[in-house]
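# Structural overview for review
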Number of protein chains: 2
Amino acid sequence: MMTAPALAETGSALPQDVSETAEALMDAAASDTVGLQFVEDLTTEIGPRLAGSPAEARARTWAVNELKQLGFQNVHVEDFSIPYWTRTHEIAEVVGPNAQPLVITALGGSKATPQGGLEAEIVRFESLSDLQAAPAGSLNGKIAYIDELMYKTQDGSGYGLAVRKRSGCAKAAAEKGAVACLIRSVGTQSHRIPHTGIMSRDGALGALPAAALSAPDADQLSRLLERGDVRVKLDIGVQSAEAAPSGNVIGEIEGTDLKDEIVLIGCHLDSWDLGTGAIDDGAGCGIVVGAAKLIDALPAKPRRTIRVVLYGSEEVGLFGGDAYARQHGDDLDKHVLAAESDFGAGRVWQFQTRFGEGAKPYGDAIKAMLTKVGVAEGNNEAGGGPDVGVLRRAGVPVVTPSQDGRDYFDYHHTPDDTFDKINPEEFRQNIAVYAAFSYIAAETGWDFRKAADAESTQGAD
Amino acid sequence: MMTAPALAETGSALPQDVSETAEALMDAAASDTVGLQFVEDLTTEIGPRLAGSPAEARARTWAVNELKQLGFQNVHVEDFSIPYWTRTHEIAEVVGPNAQPLVITALGGSKATPQGGLEAEIVRFESLSDLQAAPAGSLNGKIAYIDELMYKTQDGSGYGLAVRKRSGCAKAAAEKGAVACLIRSVGTQSHRIPHTGIMSRDGALGALPAAALSAPDADQLSRLLERGDVRVKLDIGVQSAEAAPSGNVIGEIEGTDLKDEIVLIGCHLDSWDLGTGAIDDGAGCGIVVGAAKLIDALPAKPRRTIRVVLYGSEEVGLFGGDAYARQHGDDLDKHVLAAESDFGAGRVWQFQTRFGEGAKPYGDAIKAMLTKVGVAEGNNEAGGGPDVGVLRRAGVPVVTPSQDGRDYFDYHHTPDDTFDKINPEEFRQNIAVYAAFSYIAAETGWDFRKAADAESTQGAD
């Protein structure tokens, strides 16, 4: 169904003009101002953009205007609706002889505490599994506390493990009779800055009031527990609604003879409410907008269309990605490639693909090009990013420019996710990568779905 | 008035047994547990200890028990009264099209805003001087904002400059007609963690509601101002009282034949309310308690008394230091040496004295000893520390073990001043220094006030 030139014509090596243009794009990215300005403006003029909130709606209006001013085509919003949750207040304090405040933040989907708060004894668990193994009824009237550390990794793999306690605490604690759940913040820093995040991706309220302690507060609570029983007062207020407006903002650099074929590069426009969503995910939006704009500035447009998608409501359950797949279900086969930048602004250190086996030579050609900006060649098991996962599962080829994520969880989902945390030089290297692979995918017309084909694969080797 | 042995007897070099004991104390400090446990217990069991608050009172009771249990003698509290101020709430938000919250903390002594808060336009100044130079009436109904950076220095010298905007903002802003004052947080980090501190050392309420923005929030406000007018809603609640109880906690390692002569080593027991006062100044208390306790554990007590003073209410105006000087005014001549540890727990990198000119050889002998724990020889212009400044001005010889303060203002006066910020190894090196100089001062009987004396100075050279 793809109109890819036969390998016999162009080979799996890049045509020289495509190669030269890709290199020029990467050079231009090094002094890009559009992408960084996009992040600065979004995080400054809108600030926090909680999914379903008036601020997210303002961000959509802002982004539509911005993309139009930048010269994107077919700029529009694709609306959808999400279940809404927001915090109104969150207070915790140790009561009794060691009375002192604790810094917490409610987890997304937390229930409210009863009016005036609740007060209960803390029971500490080293892990979610330990809590799950506690006898039924053993936490009657108590607060479960999971004190589990997360470690720094370049690829962010510590996050998946750490998030289990966030997803599982309230449910497991409720089963044991607890009245609330506390966890040590997911994350890798040790400031009085707690880390929020959704408990459940279906948008349902959690089973209990649930909150994360900042790392120093988790340390403090654990030290107090070493000294004896600890009672904590917890007062969490929330508002929720079954439906609130959200949407995906879309703009395009229209292609030429293959303009119906889509190279989709995305990010998410919503953010958690605590910070201004600079690394998560203003940076991703600046990267894809900056990359597309560099391609737009070329003397000749590439053959396929570059579609930039600023997804809505990613943080609370990948609602934007699902809505996109639903709304474009009839033409997913026109999506030749997809990627989402949603892991901050750290330097891209490897480039992964998920292509058909016959398209391996195309992947190799792109990877070879990207070594010029310091990117190692990755495997063919790319995830593509959270909101394009649904496209990947529907067979759309995806790539993942893997960013250095060692510092990402120092800021992610915390008040500290602010514009100053972005390193402009590393950010621009990301633009270089996105501009290069997007341009190559759009201009070559290659079919990244291509199934194994002994003859041509052999030829490419 | 001092009963110092003649130089002819002991010389200005350390007697060998004193030297050996000082070295043994420094060795023992490297594995000290008493000092660090003291800080851990204080910051965990009491937590924040705002001057004049019930928590500071609990800290005094706690410290008395602790010092008694550790075997200190003559443990008691010397009460005094201070003017009291505390925050009850502090909220700021940009209003209008860029509506978003701002992270602030009220400055010590801030007035409350009117019930329900106030809303006004922001006028930015690069420095306090710029604000002071604004025409009278030019800020009528507006909020003055001083956006001045502080830089990292090893000796903390950036702080004195940075604090000027904290002390001066409300007064200068009020003179120009402003309704409130905001400053970029004093400090050297860039987290969503604001920095508090007293506006005026006399305990009086400031002229206006006044607060500090965290560094990222200051960046944000300045970026918004580049884009146009900005209105901010400010809602600050405070409680104050003319008199609240405070006190100094004192314990001693009693000397022998010169037990009326005092080597005073101090710290302050109070802290700001935002953190748990670990580096400011739980660490200082752990250092002096740990050092004194090492000396107490020697087979023989030194000749003079080691007096540990845990001052109260330092943060809000050096009230503890003043009270001590007032309450001990009649026997200040018995104070042969004084020092306060109040600059965190960073490694001591130089040792300053302020001795009489004739006592230079004694200083040299102590400094030579301290080179064994990596301490450079400093000048003879020591300040001694905030609460002992009043003693220094009254003629008491002081020393300053200068700590590496490069990271100090990353945590100082913020919620982030917590126990995990203390490096145990560097903390113990401080104990080594305090134990060594305190022991030498107590055991040699040297007169650090000694005036220039051509003959003996020559002899010492």
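Everything numeric here is computed off the predicted structure, so don't read it as measured data.

### Brief notes about the relation of the copies chain B and chain A
Superposing chain B onto chain A takes a rotation of 180° combined with a translation of 0.0 Å along the rotation axis, leaving an RMSD of 0.0 Å. The superposition operator between the copies reduces to a two-fold rotation axis. Here 100% of the interface residues in chain B have copies in chain A that are interface residues too; the copies meet face to matching face.

### With respect to the UniProt feature "domain: Peptidase M28" (unreviewed entry) in chain A
Sequence positions flagged by UniProt for "domain: Peptidase M28" (unreviewed entry) are, in local numbering, residues 248-436 of chain A. Within residues 248-436 of chain A, the helical portion is 30% and the strand portion 24%, while the C-alpha atoms at the span's ends are 24 Å from each other.

### Topic: the pairing of strand S4 (residues 118-125) of chain B
Residues and elements named next belong to chain B. Pairing of S4 with strand S8 (residues 231-253) involves 4 bridges; the strand directions are antiparallel. If you follow Ala120 over to S8, its bridge partner there is Val232. As paired strands, S4 and strand S5 (residues 143-146) are joined by 4 bridges and run parallel to one another. Note on S5: the bridge partner recorded for Ile122 is Ile143.

### Quick notes on the state of the cysteines
Residues and elements named next belong to chain A. For the coordinates displayed, the defined rule picks out 4 disulfides over all chains. Residue Cys169 pairs covalently with Cys181 via a disulfide, S to S 1.9 Å. Taking the sign of the S-S torsion, 125° for the link of Cys169 and Cys181, the bridge is right-handed. Highlighted residues: Cys169 in helix H6 (residues 157-175) and Cys181 in strand S6 (residues 180-184), separated in sequence by 12 residues. Taking relative accessible area as the criterion, Cys181 reaches 0% and is therefore assigned buried. Disulfide partner of Cys267: Cys285, at an S-S distance of 2.2 Å. Between Cys267 and Cys285 the sulfur-sulfur dihedral comes to about 95°; the bridge is accordingly right-handed. Placement of the pair is Cys267 in strand S9 (residues 258-268) and Cys285 in helix H8 (residues 278-296), with a sequence separation of 18 residues.

### A closer look at the packing of aromatic side chains
The way to describe two aromatic rings as a pair is by their centre distance and the angle between their planes. Residues and elements named next belong to chain A. According to the stated counting rule, one finds 22 aromatic pairs over all chains in the structure shown. Between Tyr434 and Phe437 the ring centres are 5.1 Å apart and the planes differ by 55°, which places this aromatic pair in the tilted class. Taken together, the residues span about one helical turn, with Tyr434 and Phe437 both in helix H12 (residues 424-444) at a distance of 3 residues. When sorted by exposure, Tyr434 lands in the same class as Phe437, which is buried. An aromatic cluster is present here, built from Tyr159, Phe343, Tyr408 and Phe409 joined pairwise through their rings.

### Looking at the interface of chain B and chain A
Between chain B and chain A, the contact holds 36 residues from the first and 36 residues from the second. The contact between chain B and chain A buries some 2,500 Å² in all, and 43% of this surface belongs to carbon and sulfur atoms. If you sort the residues of chain B by the area they bury against chain A, B:Thr44, B:Arg192 and B:Arg227 come out on top, with a joint share of 24%. Our count for the chain B to chain A interface comes out at 6 salt bridges. One salt bridge in this structure joins B:Glu40 and A:Arg227, with 3.2 Å as the shortest N-O distance.

Conventions adopted
Residues numbered from 1 in each chain as written. Chains lettered and ligands numbered in written order. Predicted model: local features only at pLDDT ≥ 70, side-chain atom pairs only at ≥ 80, totals over all residues. Heavy atoms only, no water. Least-squares fit on C-alpha atoms with pLDDT ≥ 70 in both. Contact = heavy atoms within 4.5 Å. UniProt positions renumbered as here; feature names shortened; annotations may be inferred. Helix = DSSP H or I, 4+ residues; strand = E, 2+ residues; numbered from the N terminus. Pairing = 2+ DSSP bridges. Disulfide = S-S within 2.5 Å. Buried < 20%, exposed > 50% of the residue type's maximum accessible area, 1.4 Å probe, protein only. Phe/Tyr/Trp six-rings, centres within 6.5 Å; stacked < 30°, edge-to-face > 60°. Buried area = accessible area lost by both parts, 1.4 Å probe. Salt bridge = Lys/Arg side-chain N within 4 Å of Asp/Glu carboxyl O.

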